[in-house]
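Architecture and fold: a report
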Amino acid sequence: MTLFEKEKIVFIGAGSMAESIIKGLLKNEILPPGQIWATNHSDDIKLNKLKTDYSIEATRDYNELFENATMIILAVKPKDVRESIDAIRSYITNDQLIISIIAGVSIDFFAEHLPDKMPIIRTMPNTSAAVGYSATAIAKGSYTTDEHLIKAKELFSAIGTVTTVEEDELHTVTGISGSGPAYLYYLAEAMEEKAIEFGLPQGTARHLIIQTFLGAAEMMNRTEESPRKLRQQVTSPKGTTEAGIQALEDHHLKRAIHECISAAVHRSRELEELYKPSTKNN
Ligand SMILES: NC(=O)C1=CN([C@@H]2O[C@H](COP(=O)(O)OP(=O)(O)OC[C@H]3O[C@@H](n4cnc5c(N)ncnc54)[C@H](O)[C@@H]3O)[C@@H](O)[C@H]2O)C=CC1
Ligand SMILES: O=C(O)[C@@H]1CCC=N1
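Residues numbered from 1 in each chain as written. Chains lettered and ligands numbered in written order. Predicted model: local features only at pLDDT ≥ 70, side-chain atom pairs only at ≥ 80, totals over all residues.

An unreviewed UniProt entry lists the chain under the name Pyrroline-5-carboxylate reductase, with Pueribacillus theae as the source organism. The Subcellular location (unreviewed entry) comment attached to the chain in UniProt states, word for word, "Cytoplasm". Here is the UniProt Pathway (unreviewed entry) comment for the chain, exactly as written: "Amino-acid biosynthesis; L-proline biosynthesis; L-proline from L-glutamate 5-semialdehyde: step 1/1." (UniProt positions renumbered as here; feature names shortened; annotations may be inferred.)

Lining the immediate surroundings of ligand 1 are 29 residues, of which Gly 13, Gly 15, Met 17, Asp 80 and Ala 103 lie closest. Elements with a minimum of two residues in the shell around ligand 1: helix H1 (16-27) and helix H4 (81-88). Classifying every residue of the shell around ligand 1 gives 13 nonpolar, eleven polar and five charged. (Near = placed C-beta within 6 Å. Helix = DSSP H or I, 4+ residues; strand = E, 2+ residues; numbered from the N terminus. Nonpolar A, V, L, I, M, F, W, Y, C, P; charged D, E, K, R; others polar.)

In helix packing, the relevant descriptors are the interaxial angle and the interaxial distance, both defined with respect to the helix axes. Following both chains from N to C, one finds helix H8 (residues 180-197) and helix H9 (residues 202-222) inclined at 140°, their axes separated by 9 Å at the closest point. Here H9 runs oblique to H8, going by the angle between their axes. In this structure, H8 crosses over H9, and the sense of that crossing is right-handed. When H8 is examined against H9, the residues Leu 184, Ala 188, Met 191, Glu 192, Ala 195 and Ile 196 are found in contact with a partner set consisting of Gln 202, Ala 205, Arg 206, Ile 209 and Phe 213. Tallied by class, the residues present in the contact of H8 with H9 amount to eight nonpolar, one polar and two charged. (Axes fitted to C-alpha atoms, helices over the stretch in contact; angles between N-to-C directions. Parallel < 35°, antiparallel > 145°, perpendicular 65-115°, else oblique. Left-handed = near helix turned anticlockwise from the far one by under 90°. Contact = placed C-beta atoms within 7 Å.)

Annotation of the chain at the domain level lists domain 1 (9-174) and domain 2 (179-251). For domain 1 and domain 2, the distance between their C-alpha centroids amounts to 35 Å. (Domains from an automatic or database assignment.)

Here we take up the pairing of strand E7 (residues 134-140). Look at any regular strand and the pattern is simple: side chains alternate between the two faces of the sheet. For E7, the buried fraction is high: seven of the seven residues fall into the buried class. Residues of E7 alternate between two faces, with Ser 134, Thr 136, Ile 138 and Lys 140 on one and Ala 135, Ala 137 and Ala 139 on the opposite face, all of them buried. Pairing of E7 with strand E8 (residues 160-164), which is carried by five bridges, proceeds in the parallel orientation. Residue pairing in the sheet places Ala 137 in a bridge with Thr 163 of E8. (Buried ≥ 20, exposed ≤ 12 C-beta atoms within 10 Å, placed from the backbone. Pairing = 2+ DSSP bridges.)

Below, the discussion takes up the site of ligand 2. Around ligand 2, the neighbouring residues are Ala 103, Thr 174, Gly 178 and Ser 179. Counted by class, the shell around ligand 2 contains one nonpolar, three polar and no charged residues.

Now the structure itself:
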């Protein structure tokens, strides 16, 4: 018997992250499409697309949606969290498992709005889930058992790596790996723009950038060397890299990156404040 043989997983908020996770679950045959259900607020096109593309079940009939549901994955935007919790509360019992992928919103917030002793797990995946490369971090709540944790880890392993952290560490995780793909795309965007300006065909530039990112990531993965050491190995005295890195230093890029991560972490903490238990101030 597989770990998920008796599970019915319900996605609340069938948007892009839910789709990425669903894709990973099906690709890795973690559970069959018939055991995956999804709903969203009003995006009929997306709901129908999920049904057609992945053969999963999709409905806005909550009686049908929650019938025999065992795991509920909350995947709405933070701004929609109160409305979605209000809508599902009466269908939830504490023999189910709640897993949130919502940035910033605390386990305590969900606990306050759901039945007593509710097992709740909070996670932070990233969009690379769509290709099986998410760096997901996972934190448990007070009523989460080892079995819940094992199941959640198995589930998110289908879309990449899983790292267990304390809940408070999820703010930093969000600033690093949750938002991280966007920082790297931003860098790729800038590199591609300049390559094209200097006359490289877009396709050539794209390939070279992708391979450079993959190669650098693989070097970090396979060697024990620090990123600083690896950077120094590229940098010949009076060579091209030295000239390039000097321009980055002149423009304080490292400071900008530090500020970027601080801003993202700060925003995650702000979201937690907005959705503190017993507040209605969003
Ligand atoms: N996009 C990303 O890179 C990542 C996002 N997250 C978190 O994942 C969550 C979802 O993000 P996305 O998938 O990008 O957003 P999205 O906008 O693509 O999906 C959200 C979905 O929620 C639905 N929705 C809104 N209100 C609802 C309600 N009351 N009941 C049911 N469904 C409702 C919307 O119709 C939409 O389909 C967010 O909370 C975000 O913090 C986490 C990690 C990475
Ligand atoms: O931008 C956001 O709020 C979400 C959380 C991490 C990545 N995207």
